[in-house]
Amino acid sequence: MFGLCEKLMTHFAVILTAFFLSQPLLLLLICGPHGGTFPSTSTHWAEASAADEAVGKWATQFGDELFALAQKITKSQEIKEKYKEYNARVELKNGTELIKSITKNVGRMLARKMDAVRCIQERAEFVNENFEFNLTYALKNFTYISSKYSTFNGNSSEELEPKEAEYDWMYRNMELNPDTHFYNTPVDTEHSSVHVPSNIWDRSERVLKTIMWSEHLDEVFRQNYQSDPALSWQYFGSDTGILRHYPAAQWTDTRPNRDDADTYDCRKRSWYIETATCSKDIVILLDHSGSMTGFRHHVAKFTIRSILDTFSNNDFFTILRYSSEVNDIIPCFNGALVQATPENIEVFNQQIELLDDPEGYANLTLAYDTAFQLLRKYYDSRHCATNSTCNQAIMLVTDGVAGNTTEVFQKYNWGNGENGTSQMDTRVFTYLLGKEVTKVREIQWMACLNRGYYSHVQTLDEVHEEVLKYVDVIATPLVLQNDQHPPTWTHAFTDKTYDPKTSNEKRPRLMISVGVPAFDRFYRHANLTNPRARLLGVAGTDVPVEDIDKLTLPYKLGVNGYSFVVSNNGYVLLHPDLRPIGTNGKMNPNYNSIDFTEVEHLFEDQSPREPGESILHIRNAMVRHEANEFKSISVKFHYDKMRRVSEEKQDYFFAPLPNTPFTLGIVMPTEYGKTWIKVGEEVDKNKHMKINIPDFFIGDNWKVHPDWVYCKYHYLEGHEFKTPEAELREFLGKMMQYDWKWPEQYAEDESDWDDKDDLNCGRKTLGDNAYYCNKELVNLLIFDAKVTNSSYGVWRFESDDERQLIERFGADLRFVATMSGLTRWQFIFGEVEVDTDREFGDYHTTAIDETWYKSAILQHHEDRSESFVYSVKYYDDPMEDSEVKVTASHAIFPRDGGKEAPACVVGFQFSHARMWERFFSITAEDHCNHCLPICTDDDVDCVVIDNNAYIVIGQNINTTGKFFGEFHGDVMTAMVERGIFLSIEVYDYQEQCKEEPKAGSDGNGLLHPLRLLSFGWKWLVGRLFFQYQRIQWWADGAPFMEYTDEIEDEYVAVGDGGKASASKPKDDSDDENAMFDEPEPDPIYKACDKRSTLYALQPSALVGINDFVEAPSTRPFLVKKIPNSNLVLVVVNVLMPSRSVRLTTEPQRVEYDKEFPCYKLNMSFYERRRIEECYTVHEDEELYTYCGNASRLGLTLQLMPLTIILVFHLTYTFMR
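Note that the structure is predicted; figures quoted are calculated from it, not measured.

*Asks:* Quick question: what am I supposed to make of the sheet that holds strand β22 (residues 628-639) here?
*Replies:* Sheet strands line up and pair through hydrogen bonds in the backbone, either parallel or antiparallel. Pairing is antiparallel across the open sheet formed by five strands, whose spatial order is β21-β20-β24-β23-β22. This sheet does not close on itself; its edge strands, each paired only once, are β21 (572-574) and β22. Taken pair by pair, the neighbouring strands of this sheet meet at an average axis angle of 35 degrees, ignoring direction.

Written as C-alpha cells, this is what we have:
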C-alpha cells in the first residue's frame, strides 16, 4: 500500500496540476518560453524511475521464462536446422510470370466448360432442324423422365392434378443413386430429365415437340461429363419454358407451401436473359394518372415487378412515373440509370408498393421526352452511334394513350441528325392494361414503328408470358446474324442444393454459369408463311467458383497472399473477404454485387464509401480487362474475423481470363511475399534412396489443407474418402510404384492448339480410375513432412528443469504447420480424451490460413527477431478445450543465398490459468522498496495485452480475450495519442442489421366507422376480384396464378423448385381473420455498413518511455514491452481519478446523412465494361419479326353478365 505521506503527495500533485491547467500564463512564466510543454496538450514523463525499472524487471523475467519454454517445447532451432540440412532453396517469386501461369490454367479450364456448352448448342440446332414430329404419335406413345412427376422409389417430387392423372403413363420411373460429385444428390448420369413449369402444359404441340427432340442431347451430356468429370450441372433451356438438365434428378421442392404452384421458368434466369439480350439500358414509364386506379394499378405494379425480375447486374434502368408531371420513383436517382443489382431491384419494388394513389391526367409526350433525354445521355457517353453494342429500350405501362407522340419519335428515334434530331434506335415496348381499352391501334403503333412489341395484359396470369416476349424481340438480331454464338457468363450465385442449416461446408457453394444461344433456323425455310427469327434456347453449365480457387496455386501465393476474380462490373466472384452469409446466418441479398472497393481496404481510404484514387485505379484497370500490376500498396490488412489489423504493403498482379468478362488477380505481401521455398523431385529422390514415403505420414496427428488439391480422382463417385488424409495416403502408396505418372486435371491436347472454330465434341473420355495431381505441391508436402518428421517422434524431456518449466505453465501440446498445408501436432503428456472427441487438429486444419500462422509471420516481419506470438481466444468464441488455452506461435524463415522465405510456423498451447498464476507470482515481488505497489495490490491494475490490445492476463479473469479499452479507455486513448498504438478504422460493407419493428399504436384497435367501412369495401373488392379470376380460370382452362416469385439468381438443376410464386386461393376465413389478427413479425434484416476501430502496436514508440505516462484526465500508467513476444505489460494507478471513457472494437453501425440507398448512389457511376459481342441491329429484322397484336375481347363480353351477378351476390352477403 502507499504510505500516508505518498497518498498526500499524490493528492497535492493533482491539485497542483489542476491549478497549472487553469493558469497557462503562469506555467509559461515558470517554465520559460523553451522550458517544457503544457500538460493540457501533451503527455509528460520523467527520466528513468525506480518504478519503471521494477516493471521492466517483471516484464523481462516473465518474457524470459516464456521464451525459454517456447524454444524447448517447439524445438524451433532444430526444425530450422533441418531446412538447412536438406538444402532448402530460397527462390524469388515473379508475380508477373505467376499471374500468367495461373490465368493460363484457369482459362484452359473455363475454355473446356465453354466447349461443352457449344457442343450442346450445336447438337440442339442440328436435331431441331432435322427432327420430324408426329403429334398424333407423340400424344399416344411418347414418354419421358420428368423431374417433377417421374417416380423414384415410389415417390415423385410433385403430385399430378386430378384432371392430369390420366396422363401419368407419360412419365418414366427414375433410377437414381447418390453421387459425391453432385453433392450426394441422387442422380442418373445416363439420362437427363425435364422440368416443366406449372403454367406450361407439356402436351401442347410446341412443348411436346421440344421435349421429344431434346432427348437427343443426352448423348452430348454424357460425352461432356466423361471427358471432363469436373463438369457440374448441364442444361438446355428452351424458349418454350421447358428445361432439360443433366444428370437426371428429382426437382427438390423448396416451396414453403406445397399448395403454391411451381413457376420456376428458365427464361427468367440470368443465364438465359443475359445470353439472349446482352446488356440493356431501360427506362420504364409507369402511368400514374387518375385512370390507373384499382385493379389496373395492381396489374401495373405486378407487370413492373415481372419486368425487373428479368434484369441482371449487366443492366441499367430506372422507373419514372408520369401524370401531368414526370417524377423518379426514387428521388435521389434523379437523372440517372442505376445498375440492376438485387439490392436496387428490391428498393424499386418496395418503393412501387408505397406509391400514392394515381391522380391527374397523363402527359405521355412529356414522359417520352424525359425518357429519351435520359437515354440520350448514356447513348452519347457509351458511344452508341459508332458501335452496335447498345441495347436501349423504353417500356410503357399504361391503360391507354390520349394523344399523338409522333414528334417525340421523330426527334430522337427517326431523325437524320439535322435540326437537333437523332436516330438512337431505341426500342419501345408497350403494355396496355385492362379489358376495356381504347385507342389500341395507337399504342400498338408506338411499339411496331420502334422495333418493339405490343402486349395487351388483361389479367394477372397473362403478365408472365407477355413480359417475356420482349426477350425474343431483342434477341432477333442475334439470331439473324446466324454465325456467332457468343458465350455469356453470369455473376456469382449460390448453388441452391446448398442449405446453410444442414451443410457441414464452411462456406456457401458459389457458382457461375456460362450460356450459349441456340438458334431456331426454321425461319429460313422458303415454304413458311410469316416466318419468325427466334431463339431455340440457351445451353449452359454451372462452374463452381471453388474450382477456380483451386487452380490459383494458393500454396505458391503464400501466407497472407490470396487470389480474387473481378467481373466487368467490378464485382468480386472470388475473394477471401467475400461473405455471402452474414453473421446472422442469413444470405446477404447483395452478395453477387459486392464491389472490389468494398472488400479491399487501402490505408488511404479514411472515410466510408469514399474510396481513394489508388483502389479506383486498380479496379478500373481490371474492369477494362487489362493486364497490369500495382506494387507496394499500403493496406489495412485485417484478419481473425476483422478483429485484428496491421498496416502492410501488398503487390497486386492481374490479367484477363480469355473469352470471359472476368479478370483474375493475385495479391502477395511486398516484403516476405517475394520469396518461397523451392524443392526438387522429392518423390523420385526418396524412391531412389529406397525411402518409403508413407513413413513420413505415420499416425493420425497430422492434417493437410482441406481446400487444396494434392491428388484426386476425376470421378468422385466410387472414390469416396472420409478425410483428405485418407485420400492422400492412397496416392502416397501409388507414388512408390515404378509406373507412377503426374497427370494434370486439364492437360493440353491437340484440340487446344486448333483453331477455335474447330470445336472438339469428341474429346477423349477418362477411365473410372483416372486421377490428377499437383506435382509441385506434392513434392513440397513430402519435403515438409521429411523436415518435420524427426522432431515429431516420441517426446522425451531433456532434463528435470525442462519438465518443471513445461509443467509450471501447463504446456501439453506442440504443433507445426508448413507452407505446403501440412499440420502436425503432438501431446506432451499423452493424448487426453475429451467429451467432444475433437482435438487441436480438428479445429486447426488450414495451416497458412490460421490466425496464429498469419500473426507469427507478421510478427517476424515486424521485429525480425526470434519472438513468439501469444494469443487467447476472443471472449465470445466457443471453447476448444475444457479450459482456456494460450496459443503461442513462431515463424521460421530459412536463409539461403542472402534471402529468407517463410517456411513454417511452430507453436504450442498451454494453460491460461497456469500462466495467470505464474505472472502474478512474478509481479508479487517488490523490486524497488515499495516505490510501486505489486500487482496483487488493489492500488494498481496490472494487465498484459497483445499487439492488438486484447487482454491476455488481467486481475479479473473474466476480462480475458476482451479489448483493453473497454476497461481503461482513458489509458488506451493516451497510448494512441502517444503513438504506442495506431488506431485504424476498418469498414464492413457486407453486414446486415436487424431492423426493430415499429410498434403500432393501441389506438388502432379502436376503428373509426369510416375506417371500418374502408376495410369492408377493400374486402368486397378483393372477394369480387378473386371470384372473377376463378371464372377466368374456368373459362381459360388454365390455373389462375398470382405470381409473387422472389428474385432468384440462377438455375440449379436440383434443389431449386422455385420460390412461392403462384399461390392457390386461401380459405375464405383466412382473409377475415388476418384483417384483425396480426402475427408476431419475423426479424427483418437490411443491408448496412459497420465501422470497427482496431488497434495495432507500434513497438518503436515504447523506446524512451522510462516513467509513468501522464495525460490530462487519465490515470498514470507504466508500460513495458515483454521481450521476445507480442505482449505489453501495462500497470495502471487506479487510485487516481480519470475521465470515463469506454472504447470498443465491436463493429458499430455507420450512420449516413442520406438514407439508403442514396448513400450508395456514387457506386452507380463507377466504371463498368459493357458485354462485348452484342448484336442489336440487323437489316432484315423487319422481315422476321412481328410486334404483337390486339387480344380479343370476346371473353370479357361473355363474362360481363356473370360479373354483374357476382357483384350483386357479394354486396348482398356483405350487407347481411
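So much for the structure itself; the text now carries on.
*Asks:* Please explain the packing of helix α10 (residues 295-308) against helix α11 (residues 342-353) as it appears in this structure.
*Replies:* Packed helices, taken two at a time, are described by the angle their axes make and the gap between the axes. In the contact formed by α10 and α11, the axes pass within 11 Å of each other and the chain directions differ by 180 degrees. Here α10 lies roughly antiparallel to α11, going by the angle between them. Together, Lys301, Ile304, Arg305 and Leu308 of α10 and Ile345, Phe348, Asn349, Ile352 and Glu353 of α11 make up the contact between the two elements. Residue composition of the contact of α10 with α11, grouped by class: five nonpolar, one polar and three charged.

*Asks:* When you look at the nonpolar core in this model, what are you seeing that I'm missing?
*Replies:* Across soluble globular proteins, you tend to see nonpolar side chains buried next to one another. By size, the foremost hydrophobic cluster in this structure holds 207 residues, and its most contacted members are Ile284, Phe311, Tyr652 and Phe697. Considering each element in turn, this core owes the most residues, twelve residues, to helix α5 (residues 95-130). Counting 43 residues, the second-largest nonpolar core is a separate cluster that includes Phe868, Ala888, Phe920 and Ile922.

*Asks:* What is the right way to read the pairing of strand β19 (residues 534-544) from this model?
*Replies:* The two faces of the sheet receive side chains in turn, since in a regular strand these alternate between them. Burial within β19 is extensive, with eleven of its eleven residues counted as buried. Direction of pairing for strand β7 (residues 234-238) relative to β19: antiparallel, over a ladder of five bridges. Note on β19: the bridge partner recorded for tyrosine 235 is glycine 540.

*Asks:* Would you take a moment to explain α10 for this structure?
*Replies:* Side chains three or four residues apart in an α-helix point the same way, a direct result of the helix having 3.6 residues per turn. Counted at 1.5 Å a residue, the expected span for α10 with its 14 residues is 20 Å, and the 20 Å between its end C-alpha atoms agrees. Of all 14 residues making up α10, ten are buried, and the element is well covered by its neighbours.

*Asks:* When you look at the packing of aromatic side chains in this model, what are you seeing that I'm missing?
*Replies:* Two aromatic rings, taken as a pair, are described by how far apart their centres are and by the angle between their planes. Following the criterion strictly, the structure yields 58 aromatic pairs and no others. The interplanar angle of 70 degrees and the centroid separation of 6.1 Å between the aromatic rings of tryptophan 271 and tyrosine 272 together place this pair among those described as edge-to-face. Each member of the pair tryptophan 271 and tyrosine 272 is classed as buried. Summarising the aromatic geometry, the rings of tyrosine 950 and phenylalanine 963 are spaced 6.2 Å apart at their centres and angled 65 degrees between planes, so their arrangement reads as edge-to-face. Of the two residues, tyrosine 950 is situated in the loop between β36 (940-945) and β37 (951-953) and phenylalanine 963 in the loop between β37 and α27 (969-978); the sequence distance between them amounts to 13 residues. With respect to burial, tyrosine 950 and phenylalanine 963 carry one shared label: buried. Of note, arginine 509 hangs over the ring of tyrosine 183, and the distance from its end group to the ring centre comes to 3.6 Å. One Lys or Arg, lysine 786, reaches over the ring of tyrosine 86 and ends 4.8 Å from the middle of that ring.

*Asks:* Got a minute to help me understand the sheet that holds strand β43 (residues 1128-1133) in this structure?
*Replies:* Strand order in the open sheet made by the four strands is β37-β36-β43-β42, with antiparallel pairing throughout. What marks the edges here is a single partner per strand, and that holds for β37 and β42 (1117-1121). Here the strands of the sheet are splayed against their neighbours by 30 degrees on average, with no regard to which way each runs. Bridge count between β36 and β37: two bridges; the pairing is antiparallel. Following the sheet pairing, valine 944 is matched in β37 by isoleucine 953. Across the sheet, helix α3 (residues 50-74) lies against β37, β42 and β43, angled at about 35 degrees from β42, the strand it touches most. Packed on one face of the sheet, α27 meets β36, β42 and β43 and runs near 60 degrees to β42.

*Asks:* Can you walk me through the side chain of lysine 1090 in this structure?
*Replies:* By the element assignment, lysine 1090 lies in strand β41 (residues 1084-1097). Buried charge without a salt bridge: lysine 1090, with glutamate 991 as the nearest opposite-charge side chain at an N-O distance of 4.4 Å. Ignoring sequence-local partners within four residues, the contact set of lysine 1090 consists of Val986, Tyr987, Asp988, Glu991, Cys993, Pro1147, Gln1148, Arg1149 and Val1150.

*Asks:* Honestly, helix α22 (residues 775-789) in this entry has me stumped. Any pointers?
*Replies:* For α22, which comprises 15 residues, the first-to-last C-alpha distance of 21 Å matches the rise-based estimate of 21 Å (1.5 Å per residue) to within 8%. Among the 15 residues in α22, twelve count as buried, and that is most of the element. Turning to α22, its buried residues number three or more, namely Leu777, Val778, Asn779, Leu780, Leu781, Ile782, Phe783, Asp784, Ala785, Lys786, Val787 and Thr788. The N-cap residue of α22 is asparagine 774: its side-chain oxygen and the backbone nitrogen of glutamate 776 are 3.3 Å apart.

*Asks:* Just to check I follow, could you spell out the environment of isoleucine 548 for this structure?
*Replies:* Looking at the secondary structure, you find isoleucine 548 in helix α16 (residues 545-550). Placed 446 residues apart in sequence, isoleucine 548 and isoleucine 102 show a C-alpha to C-alpha distance of 9.7 Å.

*Asks:* What is the right way to read the packing of α3 against helix α23 (residues 800-808) from this model?
*Replies:* Relative orientation of the contacting elements α3 and α23 amounts to 115 degrees, with a least axis distance of 10 Å. When the interaxial angle is binned, α3 and α23 end up roughly perpendicular. Relative to α23, α3 is oriented so that their crossing is left-handed. Between α3 and α23, the residues in contact are Glu65, Ala68, Leu69 and Lys72 and Glu802, Leu805, Ile806 and Arg808, respectively. Within the contact of α3 with α23, the residues separate by chemical class into four nonpolar, no polar and four charged.

*Asks:* Would you explain the state of the cysteines in this entry?
*Replies:* A disulfide bridge is the covalent bond that connects two cysteines by way of their sulfur atoms. Inspection of the entire model under this criterion finds nine disulfides. Disulfide pairing is shown between cysteine 119 and cysteine 761; the S-S distance is 2.0 Å. Residues cysteine 119 and cysteine 761 are joined by a disulfide whose S-S torsion is about -105 degrees; by sign, that bridge is left-handed. Residue cysteine 119 is found in helix α5, and its partner cysteine 761 is found in the loop between α21 (750-753) and β28 (771-773); the two are separated by 642 residues along the sequence. Classification of cysteine 119 as buried rests on a relative accessible area of 3%. Accessibility expressed as a relative area gives 31% for cysteine 761, which makes it partly exposed. Cysteine 384 shares a disulfide with cysteine 390; S-S distance 2.1 Å.

Criteria and cut-off values
- Residues numbered from 1 in each chain as written.
- Predicted model: local features only at pLDDT ≥ 70, side-chain atom pairs only at ≥ 80, totals over all residues.
- Heavy atoms only, no water.
- Pairing = 2+ DSSP bridges.
- Helix = DSSP H or I, 4+ residues; strand = E, 2+ residues; numbered from the N terminus.
- Axes fitted to C-alpha atoms, helices over the stretch in contact; angles between N-to-C directions.
- Parallel < 35°, antiparallel > 145°, perpendicular 65-115°, else oblique.
- Contact = heavy atoms within 4.5 Å.
- Nonpolar A, V, L, I, M, F, W, Y, C, P; charged D, E, K, R; others polar.
- Core = buried A, V, L, I, M, F, W, Y, C linked by side-chain atoms within 4.5 Å.
- Buried < 20%, exposed > 50% of the residue type's maximum accessible area, 1.4 Å probe, protein only.
- Expected span 1.5 Å × (residues − 1).
- Phe/Tyr/Trp six-rings, centres within 6.5 Å; stacked < 30°, edge-to-face > 60°.
- Lys NZ or Arg CZ within 6 Å of the ring centre and 35° of its normal.
- Lys, Arg positive; Asp, Glu negative; His and termini not counted.
- Salt bridge = Lys/Arg side-chain N within 4 Å of Asp/Glu carboxyl O.
- Polar contact = N/O pair within 3.5 Å; in protein donor to acceptor, adjacent residues only side chain to side chain.
- Left-handed = near helix turned anticlockwise from the far one by under 90°.
- Disulfide = S-S within 2.5 Å.

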